[in-house]
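Observations on the model geometry
The residues making up each chain are set out below.
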Amino acid sequence: MKGLPRFRDLNPLRTFDNARFSYQRLPNASSPFDSQRSQTQAATKRERWRNPLARLSFTKLIALAITSIIVLALLGGRGYHQVRKQESEDKPVDSPSLFSWQYYWRLDGYYNGVRTLVSPAQYEPENRFNRSIPPTHMGSRTKAKLSPQPPLDPVRYNPYPDWKSAEYLRDHEPVHPCFLDAEDKVSPPDIYAYPGVPQNMAQPLFGSYDELGIEENVCFERFGRFGPYGYGYNEREGGLGIVNRSEHAGSEEVFRQSGYTDYTSMDWGSAQERCYDKNKARFDMQQTGRKKRVERHAYVMRTWTGYEYNEYQMLSLRAMITELSLKSGGEYDVHFLVHVKNTSIPIWASPRIYQETLQNNVPREFWNVSTLWSEQQMETYYPGPFPDNFANMAGSSIHGVYRSAHFPLQWFSQQHPHYDFVWNWEMDMRNTGHSWELHSRVSDWAQAQPRKGLWERSARFYIPQHHGSYANFTQMVERETRDRDPAANDPARNGPLPLWGPYQAFPHSGLLAPPHNTHPPTSYDADDYSWGVGEPADLIVFNPLFDPAGTNWVFSWDVTGYNRSLPIPPRRAAIVTVARLSKRLLGIMHEETWRMRHSMFPEMWPAALCMHHGLKAVYAPHPVYFDRDWEVGRADQVFNRPGEVWESPFGWGEHNLLGSSFYYNSGFSGALWRRWLGQRENGEGGRGEEEAGSGRMCLRGTLLHPVKSENGPED
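All figures in this text were calculated on a predicted structure; none of them were measured in a lab.

Conventions we followed
Position labels on residues start from 1 in each chain and follow its written sequence. Totals for whole chains, interfaces and linings use all residues, but because this is a predicted model, local features are given only for residues with pLDDT of at least 70 and pairs of side-chain atoms are given and counted only at 80 or more. Just so you know, side-chain values use all the structure's heavy atoms and leave hydrogens and water out. For the purposes of this entry, the term helix denotes a DSSP run of H or I that reaches at least four residues, the term strand denotes a run of E that reaches at least two, and both are numbered from the N terminus. Exposure is judged per residue with a 1.4 Å probe applied to protein chains only, and the accessible area is read against the type maximum: over 50% gives exposed, under 20% gives buried, and values in between give partly exposed. Only the protein chains shown count as covering a residue, and every accessible area follows the Shrake-Rupley method with a 1.4 Å probe. Axes here refer to lines fitted to C-alpha atoms; in helices the fit is confined to the stretch in contact. Angles between the N-to-C directions go from 0 to 180 degrees. Roughly parallel means an angle under 35 degrees; roughly antiparallel, over 145; roughly perpendicular, 65 to 115; everything else is oblique. Whether two residues are in contact is decided by their heavy atoms: any pair within 4.5 Å suffices. Amino acids are sorted into nonpolar (Ala, Val, Leu, Ile, Met, Phe, Trp, Tyr, Cys and Pro), charged (Asp, Glu, Lys and Arg) and polar (every other residue, Gly among them). Centres within 6.5 Å are what make two rings of Phe, Tyr or Trp a pair, Trp counting through its six-membered ring; a difference in plane orientation under 30 degrees is then read as stacked, over 60 as edge-to-face, and the rest as tilted. Whether a charge lies above a ring is judged from NZ of Lys or CZ of Arg, which has to be within 6 Å of the ring centre and within 35 degrees of the ring normal. Two strands pair if DSSP finds at least two bridges between them. The predictor's confidence in any single residue is recorded as pLDDT, a number from 0 to 100. In protein, a polar contact requires one atom able to donate a hydrogen and another able to accept it; more generally it is a pair of N or O atoms within 3.5 Å, and residues adjacent in sequence count only if both atoms are side-chain atoms. In the sections that follow, a salt bridge refers to a side-chain nitrogen of Lys or Arg positioned within 4 Å of a carboxyl oxygen of Asp or Glu. What makes a nonpolar core is a set of buried Ala, Val, Leu, Ile, Met, Phe, Trp, Tyr and Cys residues whose side-chain atoms join them at distances within 4.5 Å. A crossover gets the label right-handed when its path from the first strand over the helix to the second runs clockwise, viewed with the strands pointing away from the viewer. Two cysteine sulfurs form a disulfide in these notes if their separation is within 2.5 Å.

Describing the overall build of the protein chain
When you go through the protein chain residue by residue, the secondary structure sums to 23 helices and 17 strands. Taking all 715 residues of the protein chain together, the buried fraction comes to 62%. Counting every atom, the protein chain has about 28100 Å² of accessible surface; 50% of that belongs to carbon and sulfur.

Structural data, given as structure tokens:
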């Protein structure tokens, strides 16, 4: 929220101390535009020699990518299967044939449990960020002396502003409390965190809690995080059970404070609607006087028919709605956008069939937050033809969810124009921390960013142990941008360096004009890092905004509707489609789609249009952990490689991200989440090991992706 103090200024933890898309690829088919392509083949060839992948058919590219991934997984079997025990005498191996990550020590501090909790003053991270120095491990003698109970008690975690304070009410309409039930008797629950972290817990390699304003000196374990939403008590009490499969020392302290909430007859849609009605004055478009209007967000979960909602998914979804919507006074509405995969079901012909389809595929408590859509519907909403795909994909369906996951999101925004922002969120995302804290801090941070150098900063991973402060990182990127050889950059192919305002100077046969207020007020050199400060971001992504033309990313050429007799347009992309998109950006995406028949692969489309139309796009440097103790200078070389086509982490170098907590192909993310839930993974963890060792895991707030499996704990 604009104008609010950062978390450490609010000190909500004053109670303890002053510590600071399941998709399928369609086969190639003959194109109705083959004759047109033959006329432009000569012109296209001039562009395609620059990218050897462009000579391959898209199907061959997919096959090549899959083969590469399999080979990398086989060669690097210990890459993300870091959870397999590495004996104490086992050291990183040194061989020129190895991948970079295989040179580094495994980090085990993640698995230190609640019995090892220490205050921030006592904490020593495991990482050494240098391969010649082994990580810091807790000795067996120290573990033997641990108390049977956590040394600290969990406390209520409250990252929200003091809605009743004079400071808040001076600038905002009052926030009226919301409830789970229609009688306003059952308040939405709080969650609980421990006021410390496990000793030797690793630090993230990418991103910064402090820079984003997220509290880092607390940790969340499964009872404090999910107990208030039904974890740890049985169905008779309105919970989800699964308590008898878990180590639980000290968990009674959570339930002593939180009690038990009965979710048996919960209707989240009605609860959100009541919350908005109570607080709609906060969001009034006609807000006058000195009060600030609060922006509204739609938080869209991308689910589908046949999706399995297990107990852990239910807990995560309840947490999202409670923390984002009900506890915030209606700032967010959580929606399920449900893809009906069977196009033969006539959901648009019969309200009864629509409702039956919804009820058969969504848990009852979420019925009233769900909206169905189908690919046939998108074919009607965005009718073809969509000519000239640079990746030879004109014969496959552009309306398929894998190629155009943005189509239903654009449609959703058009149906709900009252939302200022729409978050596109995937079902395999997990967050060990507080939902509102993450999203509000990221939004505030993005709004505070100046436009100068923003594209260039957002193209890189921020590595604090290497780059220093974010201000120092900003200066470094500016120096690198100015010192780069101009001959190494082709504006028609890559865009100008630096990017400054809308860029439409590349060869094209028709583009929509950019909005009038996206042109810079001064030249790049004359700007003093003031343009853009206070401007909400049109696009917030969680991986760098890279230039596909400088990589061998397999979807780089999936660009539709632009004239193939001309070079492919310059563009940007961010891997993983989770993002916040503004109403303005979604409107431009919609107009470009139906008016111009333009589109690109979903991970390119929003970023490319921000580039062409001069919108504010930001990569938020959220904390990302790794399973290995990377040397930070080498990490910067590996992950921040503009222009190195064959080794880009957004292409064939993506194996380097297998051990990260956030990427499309991460294996560490799922392994870490399952261990955090108390499951046994690759011969480690589980209830028996937790009870005999240091207890259950306790992690800082961390965004994890992907999590494809959440099977119950096993011994």
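Overview of the packing of helix α19 (residues 583-594) against helix α20 (residues 605-613)
Each packed pair of helices is defined by two parameters, the angle between the axes and the distance between the axes. Between α19 and α20, the shortest axis-to-axis distance is 10 Å and the interhelical angle comes to 95 degrees. Here α20 runs roughly perpendicular to α19, going by the angle between their axes. Contacts between α19 and α20 involve Leu585, Ile588, Met589, Glu592 and Thr593 from the first element and Trp605, Pro606, Leu609, Cys610 and His613 from the second. Of the residues assigned to the contact of α19 with α20, the class counts are seven nonpolar, two polar and one charged.

With respect to the environment of Lys280
Residue placement: Lys280 occurs in the loop between α9 (268-279) and β5 (297-304). What makes Lys280 partly exposed here is its relative accessible area of 46%. It is 9.7 Å that separates the C-alpha atoms of Lys280 and Val294, two residues lying 14 residues apart in sequence.

What to know about the packing of aromatic side chains
By the definition in use, this model includes 62 aromatic pairs. When the ring of Trp553 is compared with that of Phe601, the centres are 6.0 Å apart and the planes differ by 75 degrees; the resulting orientation is edge-to-face. With Trp553 in the loop between β10 (539-541) and β11 (559-560) and Phe601 in the loop between β13 (599-600) and α20, the pair connects residues that are 48 residues apart, well separated along the chain. Plain terms: the ring middles of Phe626 and Trp630 are 6.2 Å apart, the flat faces sit at 75 degrees to each other, and that makes the pair edge-to-face. For the pair Phe626 and Trp630, one class covers both residues: buried. Directly above the ring of Phe283 sits Arg296, whose terminal nitrogen or CZ lies 5.2 Å from the centroid. Between Arg580 and the ring centre of Phe421, over which it is positioned, the NZ or CZ distance is 3.6 Å.

Considerations on the sheet that holds strand β14 (residues 617-619)
The sheet built from seven strands is open, its strands ordered β7-β6-β5-β8-β12-β10-β14 with mixed pairing. The sheet is open, and its two edges are formed by β7 (370-373) and β14, each paired on a single side. Sheet twist, expressed as the average angle between the axes of neighbouring strands with direction ignored, equals 20 degrees. Pairing of β10 with strand β12 (residues 579-582), which is carried by three bridges, proceeds in the antiparallel orientation. Bridge pairing in β12 places Leu539 opposite Leu581.

Examining the confidence of the model for the protein chain
Scored by pLDDT, the protein chain comes out at a mean of 86, with 84% of its residues at no less than 70. Note on residues 1-61: pLDDT under 50 across the span, and 124 contacts to partners over four residues away in sequence or across chains. When the criterion is pLDDT under 50, residues 69-90 qualifies, and its contacts beyond four places in sequence or with other chains add up to 43 contacts.

Notes on the side chain of Glu710
Along the polypeptide, Glu710 turns up in the segment after β17 (703-704). A polar contact of 3.3 Å, which involves the side chain of Glu710, links it to the side chain of Asn310. Of the polar contacts made by the side chain of Glu710, one reaches the side chain of Arg430; its length is 2.9 Å. Not counting the four nearest positions on each side in its chain, Glu710 is found in contact with Asn310, Tyr312, Gln313, Arg430, Trp673, Leu677 and Gln679.

Brief notes about the pattern of salt bridges
Per the stated rule, a full pass over the model turns up 32 salt bridges. A salt bridge links Glu323 to Arg225, with the shortest nitrogen-to-oxygen separation between them at 2.8 Å. Residue Glu323 is found in helix α10 (residues 311-324), and its partner Arg225 is found in helix α7 (residues 222-226); the two are separated by 98 residues along the sequence. The pair formed by Glu323 and Arg225 is uniform in burial state, with each residue classed as buried. One salt bridge in this structure joins Arg318 and Glu365, with 2.9 Å as the shortest N-O distance. One end of the pair, Arg318, is in helix α10; the other, Glu365, is in the loop between α11 (351-361) and β7, and 47 residues separate them in sequence. Since its relative accessible area comes to 9%, Glu365 is described here as buried. Salt bridges sharing partners connect three or more residues here, namely Arg106, Asp108, Arg675 and Glu684.

Let's talk about the nonpolar core
The tendency in soluble globular proteins is for nonpolar side chains to be buried side by side. Tyr110, Phe336, Trp425 and Leu539 are the most contacted members of the largest nonpolar core, which totals 177 residues. With eight residues, α10 is the single largest residue contributor to this core. Ignoring anything within four residues of it in the chain, the contact list for Phe336 reads Met301, Thr303, Tyr309, Leu317, Val362, Phe366, Val369, Ser370 and Thr371.

Description of the pairing of strand β6 (residues 332-339)
Burial runs high along β6: eight of the eight residues are buried. Covered by surrounding structure in β6 are Tyr332, Val334, Phe336 and Val338 together with Asp333, His335, Leu337 and His339, the residues of both alternating faces. Both β5 and β6 contribute to a ladder of eight bridges, which runs parallel. Within β6, the residue paired with Val300 across the bridge is His335. At this point the chain moves from β5, through α10, to the parallel β6, and the crossover so formed is right-handed. Taken together, the four bridges between β6 and β7 define a ladder with parallel strand orientation. What sits directly across from Val338, in β7, is Leu372.

What about the state of the cysteines?
One pass over the full model with this rule turns up two disulfides. Each disulfide pairs two cysteine sulfurs, and for Cys178 the partner residue is Cys275, the sulfurs being separated by 2.0 Å. Sign of the S-S torsion, about 75 degrees for the bond between Cys178 and Cys275, identifies this disulfide as right-handed. Of this pair, Cys178 sits in the loop between α5 (166-171) and β3 (191-193) while Cys275 sits in helix α9, and the two are 97 residues apart along the sequence. For the pair Cys178 and Cys275, a shared accessibility class is recorded, and that class is buried. Cys219 shares a disulfide with Cys698; S-S distance 2.1 Å. Given an S-S torsion of about 95 degrees, the disulfide between Cys219 and Cys698 has right-handed geometry. Here the residue Cys219 occupies a position in the loop between α6 (209-212) and α7, and Cys698 occupies one in the loop between α23 (687-692) and β17, the gap between them amounting to 479 residues. Take Cys219 and Cys698: they sit in the same class, and that class is buried. Each disulfide of the protein chain joins two cysteines, and with those cysteines numbered along the sequence the arrangement is 1-3, 2-4.

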